Amino acid sequence: MRSNLILELAKRDFTERYAGSVLGVFWAFIWPLVMIAIYTLVFSRVMGAKLPGISSVYSYSIYLISGLLPWTAFTNTVTRASTVFLDKRHLISKVSMPLPRLPLYVVISETVTFVVSMSFYLIFMILTGVPMTLKLLLLVPFVYAVQQIFAFSLGFLCATLSVFIRDLRELVNIIMQLWFWFTPIIYMKELLPLFAQRLLLLNPATYFIDAYHQIFFFDQLPDFRLLIVLTVMGHVLLLMAYTFFKKLEKEVRDFL
Amino acid sequence: MTNRPSARIVGAICASCIFFVFFFAGVMYLSKLGFVGNSDHPWRASLSCDVSGIILKSTEITSIPVHIENLGTETIESTSSENAVFLSFHLLTHEENDMRYDNDRYAIPEPIRKNQQKTVAAVLDNTKMKLRPGNYIVEFDLVKEGKFWFSEKENKTLKIPMTVYGGTE
């Protein structure tokens, strides 16, 4: 499959999502704005939520959104990539293409949404006067890349399995919901008892969510040791997913 | 179509892994040298402690070593300076509700310069605090007297659970 086809699929995925609507792709810009507005209004203004030890009115909104945006990209990539072979079977049966690259269009499509959302988030941070360090922001694309390699690998592995186990589609959605609550996105891991904090280290999503919190909220360097572990985990998983797929490739095509 | 993984793709995955590992390790190394990081902020400090919990008799005095690392650009001055910074703590209930905001100040014996770390012994004296037996949280914070608490500058505090047992006040 040529990279043009992947880009075309990503473009279509993005435009088809808003096809028929009056505002079209502008909805992609409206959604993050609305989300930021809601979280700011509800948590900062109405509930007055503050994080322990931090006095800013907007602190909870900033903390929450800095974890929620990457998590949304991550979870959407995993869930959508896990059904990519089934969703695109009409295309697979007509065009000869190397299937392992197919989930890439999901990653690209989600990246566009992430970039747009993050841009609004950064504007929000500037407007609220939150201190930011440019050098730290330069790390975000690298953290995001490692996060998406992990998401792609997981989605790819599930995509192969879901060809044979159709229930996996629903199962992945449930697992991602549970995973969300086991990841410190809406709460701070420091608030948990020590044993729970240790348990969180078994959750790879904690590694990248913590990195975003450190960069955007604490304005500090992330823990690179965790990011290195995540990098290795993501690539090992990718190798496993790819090897697994190659072993079953013929059966996957037959089933589709 | 072959069942064997393509060497080109396996190679690309390994190369990508090596790239990211070296990138993160490199930035980590540079940050240790002070080339990258959040050093643009004047008041940035990290508090840590080797103790995960405090157990205190109602008539006891205990000392907790708190490590202070200066991650900002300004020097954290010791007591000898007009701009002295002190280690202090807020006392919280075990449900993390504020109980006593202002407590003892602990002097920093010598200035802590950028990227330096010093340890200050925080003495918790229950003969003075007169806490009833129960569970509390000691939230360590730095204070620039009369100016601001470091937590107000978006620094993390250090929370340690504390159990007081024995006779009451």
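Up top is the structure these notes are about.
The structure displayed is predicted, hence computed values, not measured ones.

Student: Please set out the pairing of strand 8 (residues 134–144) of chain B residue by residue, giving values where relevant.
Tutor: Residue and element names in this part refer to chain B. Burial analysis of strand 8 places nine of its eleven residues in the buried class, the great majority of the element. For strand 4 (residues 85–93) and strand 8, the ladder comprises nine bridges, and the chain directions are antiparallel. By the bridge assignment, V85 is partnered in strand 8 with K144. Here seven bridges tie strand 8 to strand 10 (residues 158–165), and the two strands are oriented antiparallel to one another. Looking at the pairing, N135 lines up with T163 of strand 10. Between strand 8 and strand 9 (residues 148–149), which pair antiparallel in sequence order, lie three residues; one of them, G146, sits at a positive phi of approximately 80°.

Student: How would you explain the sheet that holds strand 1 (residues 45–49) of chain B if you had to name every residue and give the values?
Tutor: Residue and element names in this part refer to chain B. Spatial ordering of the open sheet is given by 1-3-7, a layout of three strands whose pairing is antiparallel. Each edge of the open sheet carries a strand with a single partner, namely strand 1 and strand 7 (117–125). The average undirected angle you get between the axes of adjacent strands in this sheet is 30°. Across five bridges, strand 1 lies against strand 3 (residues 61–70) in antiparallel orientation. Counterpart to A45 in the pairing with strand 3 is N70.

Student: Pulling in residues and values, what's your account of the pattern of salt bridges?
Tutor: All names here are of chain A. Taken as a whole and judged by the stated rule, the model has twelve salt bridges over all chains. Of the charged contacts in the structure, one is a salt bridge between K250 and D254, with a shortest N-O distance of 3.5 Å. One end of the pair, K250, and the other, D254, are both in helix 12 (residues 224–255), four residues apart, so they sit about a helical turn from each other. Overall, D254 belongs to the exposed group, its relative accessible area being 55%. Taken together, the shared-partner salt bridges in this structure form one network comprising D13, R80 and E110.

About the thresholds
In this convention, every chain numbers its residues from 1, walking through the sequence in written order. Ligands are numbered from 1 and chains lettered from A, in the order in which they are written. pLDDT decides what is reported in this predicted model: residues at 70 or higher carry local features, side-chain atom pairs at 80 or more are listed and counted, and totals for whole chains, interfaces and linings draw on all residues regardless. For the side-chain quantities, the full set of heavy atoms in the structure was used; hydrogens and water were omitted. Type-normalised accessible area, obtained with a 1.4 Å probe on protein chains alone, sets the label of each residue: buried when under 20%, exposed when over 50%, and partly exposed for intermediate values. The helix and strand labels rest on DSSP assignments: H or I over at least four residues marks a helix, E over at least two residues marks a strand, and numbering proceeds from the N terminus. Criterion used throughout: strands pair if DSSP finds at least two bridges between them. Lines fitted to C-alpha atoms define the axes, with helix axes restricted to the stretch in contact, and inter-axis angles between N-to-C directions lie between 0 and 180 degrees. One side-chain nitrogen of Lys or Arg within 4 Å of one carboxyl oxygen of Asp or Glu is enough to make a salt bridge.

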